[in-house]
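Residue-level structural notes
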Amino acid sequence: MSVAERLTELGLELPEVAAPVAAYVPAVISGNHVYVSGQLPFVDGALAATGYLGDEVTVEQGYELSRIAVLNGLAAVASVIGSLDRVTRIVKLGGFVASASGFTQQPAVINGASELLGEIFGDIGKHARAAVGVAELPLGTPVELELIVEFT
Amino acid sequence: MSVAERLTELGLELPEVAAPVAAYVPAVISGNHVYVSGQLPFVDGALAATGYLGDEVTVEQGYELSRIAVLNGLAAVASVIGSLDRVTRIVKLGGFVASASGFTQQPAVINGASELLGEIFGDIGKHARAAVGVAELPLGTPVELELIVEFT
Amino acid sequence: MSVAERLTELGLELPEVAAPVAAYVPAVISGNHVYVSGQLPFVDGALAATGYLGDEVTVEQGYELSRIAVLNGLAAVASVIGSLDRVTRIVKLGGFVASASGFTQQPAVINGASELLGEIFGDIGKHARAAVGVAELPLGTPVELELIVEFT
């Protein structure tokens, strides 16, 4: 099954590639890797939510936001390699979670992205990951993700 | 001298690979690099400490915790490439330090990991590094490390 | 035009490579990539400023500090590959901004680095990027940058 078919089966579609919020590009190919810029949970050009986990944003909302952000990341990958069927491995996911004082469930938030990668790509979607809690994120987004993807 | 012999000489042994706290894997091979997931200072399945540097955790304790975390990271590397004797370079170490307001000695904390890599690997243990102070880390860990390792 | 000539045209020169503040090296070659350690806005061995964005450091100052830090990063690259004319792509820029509560303009700060890379390298200077706001940075620096550069 192609990745496009799998996305359809999951009821998902790749969004438009979000325009970078500054002087850089959404993704860069180097050798057989794609490095993806920090992805925010944009939906139709607007952040799906703002705020801090552990305060006005719940873990469940954060989980959903990280699904949205990683789908934006895959759209960025597709924009430079054409088809996601060329992906041979999701190598590394970095997750930054805007965290109110005392919030330590960053892994549960970034699982939204990790589990979606597993649903879409199966074994080649199993990735290395680091999730951390940060003080502030661009535009007030609760979640920002970065990706390294191997392709052929 | 093999890495295993060197570890023994240092009075160290590789721990069991810590199970990821979420939906990902401890390490991924891509080309001739291993990308290691965020490593916490787990000892026998429990965090060796929790809290913030600059508050209840001292720099000396943080130094020791980053030694523990990087040893866990090397166990993750060994779990995917078999023997650490295949390592040709420690490429990059990323260090995240849970930091109370005004704490700016992140480098002294992450030196625990950097110096241990030097003790174990010698010249090929000399790595690029970034150390930053973050608001919150998963499970309340004071330190989280990520690694990129080159192997043959 | 060589990179050296372009720097001269921009009125810039590569600084001395800043000594790492701890047990690591400024840059590591792995395959055809250079991984650059976290770079601070050192000028002649001293931080050009300290403090937090959104508090005592303005966005305009932060923009300038990230220009200084990325130039230090390019000096680190040159120190391991000899000439910046060997650079074939700026792959990834990571930007950490020490952020006071409520400061969300990290992209505007890191643009100082991104735009300078564009001025120096043109199309091959277009990079992937993640910018986040962190609680604290080493020595009280307002900005820390890390780089991955492809070369031939």
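Residues numbered from 1 in each chain as written. Chains lettered and ligands numbered in written order. Predicted model: local features only at pLDDT ≥ 70, side-chain atom pairs only at ≥ 80, totals over all residues. Heavy atoms only, no water.

Secondary structure summary: chain A contains three helices and seven strands in total. Ordered by position from the N terminus, the helices and strands of chain A form the series α-β-β-β-β-α-β-α-β-β. Radius of gyration (C-alpha) of chain A: 14 Å, near the 15 Å computed for a compact globule of 152 residues. When each of the 152 residues of chain A is scored for burial, the buried share is 60%. Once local pairs closer than 6 in sequence are excluded, the contacts in chain A between residues at least 24 apart make up 81%. In chain A, which carries 7 positive and 17 negative side-chain charges, the distance between the mean positions of the two groups comes to 10 Å. (Helix = DSSP H or I, 4+ residues; strand = E, 2+ residues; numbered from the N terminus. Rg over C-alpha atoms; globule rule 2.2 N^0.38 Å. Buried < 20%, exposed > 50% of the residue type's maximum accessible area, 1.4 Å probe, protein only. Contact = heavy atoms within 4.5 Å. Lys, Arg positive; Asp, Glu negative; His and termini not counted. Charge placed at Lys NZ, Arg CZ, Asp CG, Glu CD.)

Once that is clear, we can look at the interface of chain C and chain A. If you look at the interface, chain C gives 29 residues, while chain A gives 23 residues. Together, the buried faces of chain C and chain A total about 1,900 Å²; carbon and sulfur atoms form 59% of this surface. For chain C, the biggest contributors to the area lost against chain A are Thr104, Arg129 and Val132 of chain C; these three give 23% of the whole. Of the charged contacts in the structure, one is a salt bridge between Lys92 of chain C and Glu146 of chain A, with a shortest N-O distance of 2.7 Å. At the boundary of chain C and chain A, one finds 11 residue pairs in polar contact (both at pLDDT 80 or more). If you list the elements that add at least two residues to the side of chain C that touches chain A, you get strand S2 (33-39), strand S5 (87-98), helix H3 (106-121), strand S6 (128-134) and strand S7 (143-151) of chain C. Counting residues per element, the side of chain C that touches chain A draws most heavily on S6 of chain C, at seven residues. (Buried area = accessible area lost by both parts, 1.4 Å probe. Salt bridge = Lys/Arg side-chain N within 4 Å of Asp/Glu carboxyl O. Polar contact = N/O pair within 3.5 Å; in protein donor to acceptor, adjacent residues only side chain to side chain.)

Now for the layout of surface pockets. The space that makes up the largest pocket amounts to roughly 400 Å³. Forming the walls of the largest pocket are 18 residues, and the residues nearest its centre are Ala135 of chain A, Ala135 of chain B together with Ser99, Ser101 and Ala135 of chain C. When the residues that make up the lining of the largest pocket are grouped by side-chain class, the tally is nine nonpolar, six polar and three charged. (1 Å grid on protein atoms, 1.4 Å probe; cavity = no way out; pocket = protein on both sides within 12 Å on 5 of 7 lines; lining within 4 Å. Points joined across faces, edges and corners; volume = space filled by probe spheres on them. Nonpolar A, V, L, I, M, F, W, Y, C, P; charged D, E, K, R; others polar.)

A few words now on the relation of the copies chain C and chain A. When chain C is fitted onto chain A, the two copies agree to an RMSD of 0.0 Å after a turn of 120° and an axial shift of 0.0 Å. The operation mapping one copy onto its partner corresponds to a three-fold rotation axis. Comparing interface residues between copies, only 14% of those in chain C also lie at the interface in chain A; the contact surfaces differ. (Least-squares fit on C-alpha atoms with pLDDT ≥ 70 in both.)

Contacts between the two partners involve 29 residues from chain A, matched on the other side by 23 residues from chain B. By the criterion of area lost to chain B, the three top residues of chain A are Thr104, Arg129 and Val132 of chain A, representing 22% of everything that side buries. Run the count over chain A and chain B and you get one salt bridge. Our count for the chain A to chain B interface comes out at 11 residue pairs in polar contact (both at pLDDT 80 or more). Only strand S2 (33-39), strand S5 (87-98), helix H3 (106-121), strand S6 (128-134) and strand S7 (143-151) of chain A provide two or more residues apiece to the side of chain A that touches chain B. At seven residues, S6 of chain A tops the list of elements feeding residues into the side of chain A that touches chain B.

All names here are of chain A. The mixed open sheet is built from five strands, whose spatial order is S1-S2-S7-S5-S6. Every other strand in the sheet has two partners, leaving strand S1 (27-30) and S6 as the edge strands with one partner each. Strand-to-strand, the axes of this sheet are offset by a mean angle of 15°, without reference to chain direction. Pairing geometry for S2 and S7, over five bridges, is antiparallel. What sits directly across from Tyr35, in S7, is Ile148. (Pairing = 2+ DSSP bridges. Axes fitted to C-alpha atoms, helices over the stretch in contact; angles between N-to-C directions.)

Take the confidence of the model for chain A next. Mean pLDDT over chain A: 95, with 99% of residues reaching 70 or higher. With pTM at 0.96, the complex prediction returns an ipTM value of 0.95. (pLDDT = per-residue confidence, 0-100.)

Before going further, it helps to examine the pairing of S5 of chain A. It is a general feature of regular strands that their side chains alternate between the two faces of the sheet. Residue and element names in this part refer to chain A. Taken across its 12 residues, S5 has 10 buried, putting it largely inside the fold. Relative to S7, S5 runs antiparallel, the two sharing nine bridges. Residue pairing in the sheet places Phe96 in a bridge with Glu144 of S7. The sheet contact formed by S5 and S6 spans seven bridges and is parallel. Of the residues in S6, the one forming a bridge with Ala98 is Val134. Read from S5 through H3 to S6, the crossover connection turns out right-handed. (Right-handed = clockwise from strand over helix to strand, strands pointing away.)

Our next topic: the side chain of Ser66 of chain A. All names here are of chain A. Following the sequence through the fold, Ser66 ends up in helix H2 (residues 59-81). A distance of 3.0 Å separates a polar side-chain atom of Ser66 from the backbone nitrogen of Ala113. Leaving out residues up to four positions away in the same chain, Ser66 has contacts with Val109, Ile110, Gly112, Ala113, Val143 and Leu145.

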